[in-house]
Amino acid sequence: MFQDFQDLYHWVDIQGHRIPALPRNLGITVLFLCGAYWASSILIGHTGGENNSALVFVLAVALISLLTSGYRYGIVASVVGTFCINIFFMEPYNAFSLSRTGYPVAMISMVVVSCVICALTARVKKQALEAASREKQTRELYETNEKLNAEKAAIQLESDRIAIRESILRAVSHDLRTPLTSISGTVAVLLSSPEVSEKNLSMLMDVKQDADSLIAMVENLLSVTRIQDGSLPLQKREEMLEEVAGDALLTTRRRFPDCHAELELSEDILYLPMDSILIRQVMVNLLENAVRHSGDTLHIQMRLYRQDDWAITEVRDHGRGLSPEVIQAVSAGEAIPLSGDATRGMGIGLSVCQSIIKAHGGWLTAANHPEGGALFSFALPTGGEGT
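Residues numbered from 1 in each chain as written. Predicted model: local features only at pLDDT ≥ 70, side-chain atom pairs only at ≥ 80, totals over all residues. Heavy atoms only, no water.

Colleague: Requested: an account of the overall build of the protein chain, with residues and values cited.
Modeller: Broken down by element type, the protein chain carries 10 helices and 7 strands. Out of the 387 residues belonging to the protein chain, those deemed buried represent 35%. Counted over contacts in the protein chain with a minimum sequence separation of 6, partners at least 24 positions apart contribute 70%. (Helix = DSSP H or I, 4+ residues; strand = E, 2+ residues; numbered from the N terminus. Buried < 20%, exposed > 50% of the residue type's maximum accessible area, 1.4 Å probe, protein only. Contact = heavy atoms within 4.5 Å.)

Colleague: Give me the lowdown on unusual backbone geometry, citing residues and values where you can.
Modeller: At Asp308, a position not held by glycine, the phi torsion is positive, near 55 degrees. In this structure, Asp308 sits in the loop between strand S4 (300-307) and strand S5 (310-316). Residue classification places Asp308 among the exposed positions, given a relative accessible area of 66%.

Colleague: Just give me the short version of the packing of aromatic side chains, but keep the residues and values in it.
Modeller: How two aromatic rings sit relative to each other is given by the distance of their centres and the angle of their planes. Following the criterion strictly, the structure yields 1 aromatic pair and no others. Sitting above the plane of the Tyr305 ring, Arg303 keeps its charged end 4.2 Å from the centroid. (Phe/Tyr/Trp six-rings, centres within 6.5 Å; stacked < 30°, edge-to-face > 60°. Lys NZ or Arg CZ within 6 Å of the ring centre and 35° of its normal.)

Colleague: Residue-level account of the sheet that holds S5, with values.
Modeller: Judged by pairing direction, the sheet is mixed, and its 5 strands sit side by side in the order S2-S4-S5-S7-S6 without closing on themselves. Looking at which strands have only one partner, the edges of the open sheet turn out to be strand S2 (261-264) and strand S6 (363-368). Mean inter-strand twist for the sheet, computed between neighbouring axes without regard to direction, equals 15 degrees. Direction of pairing for S2 relative to S4: parallel, over a ladder of 4 bridges. Bridge pairing in S4 links Glu264 to Arg303. Those strands touched by helix H8 (residues 276-293) are S4, S5 and strand S7 (374-381), and its axis lies near 175 degrees from that of S7. (Pairing = 2+ DSSP bridges. Axes fitted to C-alpha atoms, helices over the stretch in contact; angles between N-to-C directions.)

Colleague: Describe a nonpolar patch on the surface, naming the residues involved and giving the relevant values.
Modeller: A contiguous nonpolar patch, built from Leu59, Leu63, Leu66 and Leu67 and spanning about 320 Å² of accessible area, is present on the exposed surface. Inspection of the secondary structure assignment puts Leu59 in helix H3 (residues 53-67). Exposure remark for Leu59: the relative accessible area of 52% places this residue in the exposed category. (Patch = residues over 30% accessible without salt bridge, like charges linked within 9 Å, V, L, I, M, F, W, Y side chains within 5 Å. Areas by Shrake-Rupley, 256 points an atom, 1.4 Å probe, with all protein chains shown as cover. Salt bridge = Lys/Arg side-chain N within 4 Å of Asp/Glu carboxyl O.)

Colleague: Which residues make up the side chain of Ser40, and what values go with them?
Modeller: Among the secondary structure elements, Ser40 is positioned in helix H2 (residues 21-47). When residues no more than four places from it in sequence are discounted, the contact partners of Ser40 are Ser53, Val56, Phe57 and Phe89.

Colleague: Break down the packing of H3 against helix H4 (residues 72-88) for me, citing the residues and quoting the values.
Modeller: Contact geometry of H3 with H4 gives a least axis separation of 9 Å together with a crossing angle of 165 degrees. If you check the angle between H3 and H4, you find them roughly antiparallel. Classified by chirality, the crossing of H4 by H3 is right-handed. From H3, Ser53, Ala54, Phe57, Val61, Ile64 and Ser65 reach across to H4, where they touch Tyr73, Gly74, Ala77, Ser78, Gly81, Cys84 and Ile85. (Parallel < 35°, antiparallel > 145°, perpendicular 65-115°, else oblique. Left-handed = near helix turned anticlockwise from the far one by under 90°.)

Colleague: Quick rundown of the nonpolar core? Include the residues and the values.
Modeller: Ranked by internal contacts, the top residues of the largest apolar core, which has 40 residues, are Leu241, Ile279, Met283, Leu286 and Phe378. It is H8 that contributes the most residues to this core, 9 residues altogether. Aside from chain neighbours lying at most four places away, what touches Leu286 is Val315, Leu350, Cys353, Phe376 and Phe378. (Core = buried A, V, L, I, M, F, W, Y, C linked by side-chain atoms within 4.5 Å.)

Colleague: Can you tell me about the pairing of S5, naming the residues and giving the values?
Modeller: Taking burial as the measure, the 7 residues of S5 include 7 buried ones, the bulk of the element. Of the pairings in the sheet, the one linking S4 to S5 comprises 7 bridges and is antiparallel in character. The partner of Arg306 across the bridge, within S5, is Ala311. Here S4 folds back onto S5, and the loop between the two strands holds 2 residues, one of which, Asp308, carries a positive phi near 55 degrees. Pairing analysis gives 7 bridges linking S5 to S7, with the strands arranged antiparallel. Bridge pairing links Glu314 to Ser377 in S7.

Colleague: Hey, could you go over the pattern of salt bridges for me, with residue numbers and the actual values?
Modeller: Any two side chains of opposite charge can pair, so long as their charged atoms come close to each other. Applying the stated rule across the entire model yields 4 salt bridges. Across the pair Arg303 and Glu264 runs a salt bridge, and its minimum N-O distance is 4.0 Å. You can see Arg303 sitting in strand S4 and its partner Glu264 sitting in strand S2, a full 39 residues away along the chain. Measuring nitrogen to oxygen at the nearest pair gives 3.8 Å for the salt bridge that ties Glu371 to Arg316. Of the two residues, Glu371 sits in the loop between S6 and S7 while Arg316 sits in strand S5, which places them 55 residues apart along the sequence. Note on Arg316: relative accessible area 11%, which makes it buried. Counted as one network, the salt bridges with shared partners bring together Glu264, Arg303 and Glu314.

Colleague: I'd like to hear about helix H7 (residues 241-255), residue by residue, with values.
Modeller: Here H7 spans 21 Å end to end across 15 residues, near enough to the 21 Å set by a 1.5 Å rise per residue. For H7, the set of buried residues is Leu241, Glu242, Val244, Ala245, Ala248, Leu249, Thr251 and Thr252. (Expected span 1.5 Å × (residues − 1).)

Colleague: With reference to specific residues and values, describe the environment of Gly74.
Modeller: Secondary-structure assignment places Gly74 in helix H4. Contacts of Gly74, omitting those with residues within four sequence positions, involve Val61, Ile64, Ser65 and Cys118.

Colleague: How would you summarise the packing of H7 against H8 if you had to cite specific residues and measurements?
Modeller: At a minimum axis separation of 9 Å, H7 and H8 run at an interaxial angle of 45 degrees. Between H7 and H8, the angle falls in the class oblique. Seen along the crossing, H7 lies across H8 with a hand that is right-handed. Residues Leu241, Val244, Ala245, Asp247, Ala248, Leu249, Thr251, Thr252 and Arg255 of H7 touch H8, and the partners they reach there are Ser276, Ile279, Arg280, Met283, Val284, Leu287, Glu288 and Val291. Grouping the amino acids of the contact of H7 with H8 by side-chain chemistry returns 10 nonpolar, 3 polar and 4 charged. (Nonpolar A, V, L, I, M, F, W, Y, C, P; charged D, E, K, R; others polar.)

Right, dumping it as structure tokens:
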């Protein structure tokens, strides 16, 4: 029964709040004042002068204060109710009079009591609204905290996955590097033997080339995982970029004797802080990509020059060029898509280049040259800090 009454009250409250505030509050005030007048009229017919109409009107004022906005309507109702009591329910009836002893005190007392009730009711309503607001804020904070905890758990899970993946890559790379180096060394010994036939010589050359490629891939995997997890800190020293580029060219020519790569230097001496071993690895990776994936090993160029506060290195070939996906991924610093030539090591090598250049505070871009071929460019800050 109580639940039904509570549901009915909520329904009436919802329907009532659809009416604008001013007409709704005026309607409630008039309704309860009329109800108090009607109830007092019934009481005076049964009790005579002792009709307790003042209590009826005080109850009406309390209900008006509870159901209207603020306390102004309750005060107005208390004043109107006081005059109604004096005129209609106190002798002489149907006339306003303060001649009887105690009438002024009774009227003032009723107004004061009604005002106090209005103030207390308004205070209770305000506290109820504040409590509801605090409850809503607490619920929102709880929901936000739950979302943050879920996101934190997801981030931690992804971080654990990355750490496990990098640990596996490091372990596999370490285990592969030793046998691959042994294979390459053994093949080199066999190649130097005069007893090897021409047919076997060709096969041994292919084995050595594939073994060297796998060794380079393993080294790239180790480098990128160490840089990403911070176990390979940069050892920056002031170095000449021209010397590092020369070493990279010699390394590439040793691995690929048929490669024809040229180095173009500017008049400026590019002397800047860097980890020369890692920057050399970047240059070797870009040169090897040109040799392996361009389709043209006779026209590979490396150019060094200064542009504002940056030392720029460009590696260009005259081959088939790059796909739009690779160009966008390199320029945006995203993972290289494993499609086409990328499946043969290009993606890993470029990922290593991205990680090393980013760790130096520089940038790496890729494009197709207007005259044909691919063009890779990376920049290093000459002052030691990227801008």
